[in-house]
Amino acid sequence: MTIPLRPELKRFVNEQVKAGKYRSAADVVEEALTRLMLEPPDDFEPGELNEMIAEGEASLARDGGQSLEEVFGRLARRSAAYRKSMNPRPSLRS
């Protein structure tokens, strides 16, 4: 099967292989398709997004908010955990 890709996607695939994250371009595409199958994009029913926003606003009014430092700290930890799960490296320690 041959699948044409836009130049920026080809570059991305090649960068992933060069970085040693994947053995081949086919592995990159297979990983992407597997993730898409397991975690399909969110589709909202009409009005569902507005309900979610209203729920979030009510929660904010009821429980208060968080500082930017707390939010950025949590995002940094989640990002680090995600990157680690994407490219697990074997421990040098036994």
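Not measured: the values here are computed from a predicted model.

Within the structure shown, the criterion is met by four salt bridges. Its salt-bridge partner being Arg-35, residue Glu-31 comes within 2.8 Å of it at the nearest N-O pair. Of this pair, Glu-31 and Arg-35 both sit in helix H2 (residues 25–38), four residues apart, which is roughly one turn of the helix. When the shortest N-O distance is used, the salt bridge between Arg-62 and Asp-63 registers 3.4 Å.

Next up on the list: a nonpolar patch on the surface. Judged by side-chain polarity, Met-1, Ile-3, Leu-5 and Leu-9 come together as a nonpolar surface patch covering roughly 440 Å² of accessible area. Mapped onto the elements of the fold, Met-1 is located in the segment before helix H1 (7–18).

A few words on the environment of Leu-68. With respect to the element layout, Leu-68 can be found in helix H4 (residues 68–86). What makes Leu-68 exposed here is its relative accessible area of 58%. Note: C-alpha distance between Leu-68 and Asp-42 (26 residues apart in sequence) is 26 Å.

Rules of the game
Residues numbered from 1 in each chain as written. Predicted model: local features only at pLDDT ≥ 70, side-chain atom pairs only at ≥ 80, totals over all residues. Heavy atoms only, no water. Salt bridge = Lys/Arg side-chain N within 4 Å of Asp/Glu carboxyl O. Helix = DSSP H or I, 4+ residues; strand = E, 2+ residues; numbered from the N terminus. Patch = residues over 30% accessible without salt bridge, like charges linked within 9 Å, V, L, I, M, F, W, Y side chains within 5 Å. Areas by Shrake-Rupley, 256 points an atom, 1.4 Å probe, with all protein chains shown as cover. Buried < 20%, exposed > 50% of the residue type's maximum accessible area, 1.4 Å probe, protein only.

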